[in-house]
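Here's the letter readout for the chains.
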Amino acid sequence: MSKILSQKIKIALIQLNGSSPNKSDNLNRAARFIDMAMKKQPDTQIVVLPECFNSPYAVTKFREYAEVISNEHKSESIDFLSKVASKYNITLVGGSIPEIDPVSNAVYNTCPIFNGKGDLIDTHRKVHLFDIDIPNGITFKESETLSPGTKLTTFKTQYGNIGVGICYDMRFSELSTISAREPNNAFAMIFPSAFNTVTGPMHWHLMARSRAVDNQMYTILCSPARNMDSSYHAYGHSLVCSPKGEIIAEAGEGEEIVYAELNPEEIETFRQSIPLLNQRRFDLYKDISK
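Here is what the cut-offs are and how they apply
Residues numbered from 1 in each chain as written. Predicted model: local features only at pLDDT ≥ 70, side-chain atom pairs only at ≥ 80, totals over all residues. Heavy atoms only, no water. Salt bridge = Lys/Arg side-chain N within 4 Å of Asp/Glu carboxyl O. Helix = DSSP H or I, 4+ residues; strand = E, 2+ residues; numbered from the N terminus. Pairing = 2+ DSSP bridges. Axes fitted to C-alpha atoms, helices over the stretch in contact; angles between N-to-C directions. Contact = heavy atoms within 4.5 Å. Patch = residues over 30% accessible without salt bridge, like charges linked within 9 Å, V, L, I, M, F, W, Y side chains within 5 Å. Areas by Shrake-Rupley, 256 points an atom, 1.4 Å probe, with all protein chains shown as cover. Lys, Arg positive; Asp, Glu negative; His and termini not counted. Charge placed at Lys NZ, Arg CZ, Asp CG, Glu CD. Buried < 20%, exposed > 50% of the residue type's maximum accessible area, 1.4 Å probe, protein only. Parallel < 35°, antiparallel > 145°, perpendicular 65-115°, else oblique. Nonpolar A, V, L, I, M, F, W, Y, C, P; charged D, E, K, R; others polar. Polar contact = N/O pair within 3.5 Å; in protein donor to acceptor, adjacent residues only side chain to side chain.

Asks: Explanation requested: the pattern of salt bridges in the structure shown.
Replies: When the charged atoms of two side chains lie near each other, side chains of opposite charge can form a pair. A complete count under the given rule lists 15 salt bridges for this structure. We note a salt bridge from Arg125 to Glu99, for which the minimum N-O separation is 2.9 Å. Of this pair, Arg125 sits in strand 6 (residues 120-125) while Glu99 sits in strand 4 (residues 97-100), and the two are 26 residues apart along the sequence. Overlapping salt bridges, with partners in common, bring together Glu51, Lys126 and Glu142 in one network.

Asks: It is not clear to me how the sheet that holds strand 11 (residues 186-192) should be interpreted in this structure. Could you clarify?
Replies: Strand pairing in a sheet is mediated by backbone hydrogen bonds. Such pairs are either parallel or antiparallel. Ordered in space as 9-10-11-12-13-14, the six strands form an open sheet in which the pairing is mixed. The sheet is open, and its two edges are formed by strand 9 (153-157) and strand 14 (247-250), each paired on a single side. Strand-to-strand twist of the sheet, defined as the mean angle between neighbouring strand axes without regard to direction, takes the value 20°. Two elements, strand 10 (residues 160-164) and strand 11, share four bridges in a ladder whose sense is parallel. What sits directly across from Val164, in strand 11, is Ile190. Most of the contacts of helix 5 (residues 199-215) go to strand 13 (residues 239-241), to which it runs at about 35°, and overall it touches strand 12 (218-222), strand 13 and strand 14.

Asks: Help me understand a negative patch on the surface, please; the structure alone is not making it clear to me.
Replies: Negative charge collects at one region of the surface, where Glu246, Glu261, Glu265 and Glu266 lie side by side. As for its position among the elements, Glu265 is in helix 6 (residues 264-273). Glu265 sits in the partly exposed class, given a relative accessible area of 43%.

Asks: Please explain a nonpolar patch on the surface as it appears in this structure.
Replies: On the surface, Phe282, Leu284 and Tyr285 cluster together into a nonpolar patch covering about 320 Å² of accessible area. Considering the arrangement of structural elements, one finds Leu284 in the segment after helix 7 (276-279). What makes Leu284 exposed here is its relative accessible area of 61%.

Asks: How should the packing of helix 1 (residues 23-40) against helix 3 (residues 76-88) be read in this particular structure?
Replies: Look at helix 1 against helix 3: their axes get within 11 Å of each other, and the N-to-C directions meet at 10°. Between helix 1 and helix 3, the interaxial angle falls into the category roughly parallel. Residues Lys23, Ser24, Leu27, Ala30, Ala31, Ile34, Asp35 and Met38 of helix 1 form the contact with helix 3, whose own contacting residues are Glu76, Ser77, Phe80, Val84, Lys87 and Tyr88. Here the contact of helix 1 with helix 3 is composed, by residue class, of eight nonpolar, two polar and four charged.

Asks: Explanation requested: the side chain of Ser289 in the structure shown.
Replies: Within the secondary structure layout, Ser289 lies in the segment after helix 7. At a separation of 2.7 Å, a polar atom in the side chain of Ser289 contacts the side chain of Asp287. What Ser289 contacts, discounting residues up to four positions off in sequence, is Ile178, Arg181 and Glu182.

Asks: What am I meant to see in the pairing of strand 14 here?
Replies: The side chains of a regular strand alternate, first on one face of the sheet and then on the other. Bridge count for strand 13 against strand 14 is three bridges, and the pairing is antiparallel. Bridge pairing in strand 14 places Leu239 opposite Glu250. The turn linking strand 13 back onto strand 14 is made up of five residues, and Gly245 within it adopts a positive phi angle of 90°.

Asks: Would you mind going over the environment of Met170 with me for this structure?
Replies: You can see Met170 is positioned in the loop between strand 10 and helix 4 (174-180). When the C-alpha atoms of Met170 and Leu221 are compared, they prove to be 9.4 Å apart, with 51 residues separating the residues in sequence. If we ignore the near neighbours within four places in the chain, the residues touching Met170 are Phe191, Ser193, Phe195, Trp204, Met207, Ala208, Arg211 and Leu221.

See the structure below:
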């Protein structure tokens, strides 16, 4: 395992209300909250937005709100995110937005990622689609209008490598494990997510702590705020979980900005104390990162 960078990193999670039908209003609201975050803590280096922050989270709306994602022909949301990232010279994990592929016409739930120059440096298309039917709970089937992504995502920053998943991806531990191990060596997993008021109380904190402890890395969840006037009621509780499984910062249910400091050096110390990476028995089971 190559050494993770030791520089401390300040991060801000922007917990916005579930998005309205007006895309421009959603973008302007996100801009106001990012401005507030950067004015309050101007040394913030990474900012994260929630899942589907620019449009309603509804299977009937994904195609209607979908945009092409590229550096060459910047759509409304991509242009907005690019300008915000360059304005503050931050790494911006742009939550997720509905994306349309101009070649295949397929629609994806996609997280665009920008560097401090405003360049689109990577994207993550949600790999595992949220198709559930909980008795007396909730029924939701993203696959009615979305296609699944076909790659796992770990992107490089000046601070080290970071893995990305979107919401339901969190339930599949392989994504975090592959990001944490060589050659990716990610020090954190970021999940823009919109767990709901049924699945959130059951598994939100459990998933965050499990992914963190299993892989001895930071796990970061950014949720929309809970808006009971919208069609989808998000759980809220955006949080940062340490490699030891401790919740070091957490929002409530409403609109809020969560700040935290990540210290990758703590990962090295913890991995040396409990050396899981060197104790695995790949003679008995498969190394899924290979």
